[in-house]
Amino acid sequence: MNQLLYEGRTLVGMVSAIIRQDALRVAYNRLDWERMFRLADYHRVANIIYLGVLGKGDVLPDRWRERFFERYQQALTFGESCEESLKEVLTWLDMREISCTVLTSASIRELYQIPETAENSPVQILLDEEEYYLAKGYLVDLGYETDQIYKGYGERMRKVSGVSVILYQQLPFRIPAYLKSMQRLLETANLEEPYTHVRMLSQESEFIFRMARAVYGYITEELRLREALDLQLFHQFCRDELDKENVKRWLEDFQIDELAEKLLRVVYMWFGDKKDSYFIDQPEDMSVFNILEDRLLTQGEINQESDEQALKLEKALQKELDKEQRAEGREMFWEKLKERLLAFKKRFQWVFPDYHYMSSIYPTVEKIPVLLPLFWGVRGIRLLLRMFIK
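Computed from a prediction, not measured in an experiment: that's the story for all the values here.

Caption draft 1: Inspection of the environment of Cys 238 at higher detail. Structurally, Cys 238 can be placed in helix α8 (residues 225–238). Residue classification places Cys 238 among the buried positions, given a relative accessible area of 0%. Counting along the chain gives 104 residues from Cys 238 to Leu 342, while the straight-line C-alpha distance between them is 62 Å. Residues in contact with Cys 238, not counting those within four places in the same chain, are Gln 203 and Phe 207.

Below is the structure:
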């Protein structure tokens, strides 16, 4: 078995056992704990894994036990300061009449039965370009620093306490049709009391947003276990209140309705209750779900994709990537041409200096400007003679 796949499945098993509060069955001595920490950190579940290695004695090297503990401690600290800090940010934006839309909030933390297993989930805010920089300046004044840049889209800003905010000036989706559907979805956001300029998605719209983002993350090989877990918990929390027909229409608009259902089944099989219908009513052919799982856990290293909607999205994404690459190539061509023209201009100006320079060293040129070309020749001959004399 592929090592990354084996480690990914082990990670899923540990996370699901802790979330479900089941017994852990892990061959601790067979694991490379450096790789496991890096994988858990990549998937943003290291704080959960710490609970799974407590009391395991010498099976886990001290160095990596401490690293897991650091993530666990960060999650605890974040929980204490999160709500107040995020409320402060939204209140300030509202007081300054800065219109924005909250894409996802930190309320997902409340769905975790064990609070410290929740992540330092950043609130995600969409603003227009002008207000984006106003909001960023305010966050800097509050002690936030840029932690990660999403080129062309926005950035993640973080305080020492661990509280994070993601500011977007553009939604991070390359596929035009997908982006258009997402923009229509955000138009359903409503003003949230007590704010007058801060809009938030309804519970149903937030689920659709999370689902569409998870599918996009799947085809770009960027979907993390944490996002999958958040999606499962959020759906489990609100599934009975969702208008299933409306959700289906929205997912059809994104052209991901079948792929979304498959992905949702996978995350339920990972983290859901074993008495849930997603476990009980399983289709006879599970191979398609194995393909999704293998691709997700290996970050695309094992990719035997067969889902038509996934393949269609990949094709559309590749088209946009190719377009960007061509645009970058053209930009690079014109940049190099500009550099060459500047270099040629400098050499030309050195060989044929302007009138003011020549008149400063040859007074005759100032008196009789028409002789400028003649003195270019004189200067050239003098420079050549100087080179030969040396």
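Now that the structure has been shown, the text picks up again.
Caption draft 2: Main features of helix α3 (residues 46–53). Across the eight residues that make up α3, a large majority, seven, are buried. Of the residues trailing α3, Gly 55 is marked for its positive phi of about 75°.

Caption draft 3: Geometry of the pattern of salt bridges. Within the structure shown, the criterion is met by 20 salt bridges. One salt bridge connects Arg 184 with Asp 253, and the closest N-O pair in it is separated by 2.6 Å. A residue pair is termed long-range when its members are at least 10 positions apart, and Arg 184 in helix α6 (residues 176–186) and Asp 253 in helix α9 (residues 244–254) qualify at 69 residues. Of the residues examined, Asp 253 reaches a relative accessible area of 31% and is grouped as partly exposed.

Definitions and cut-offs
Residues numbered from 1 in each chain as written. Predicted model: local features only at pLDDT ≥ 70, side-chain atom pairs only at ≥ 80, totals over all residues. Heavy atoms only, no water. Helix = DSSP H or I, 4+ residues; strand = E, 2+ residues; numbered from the N terminus. Buried < 20%, exposed > 50% of the residue type's maximum accessible area, 1.4 Å probe, protein only. Contact = heavy atoms within 4.5 Å. Salt bridge = Lys/Arg side-chain N within 4 Å of Asp/Glu carboxyl O.

By themselves, these figures tell us nothing about what the structure is for.
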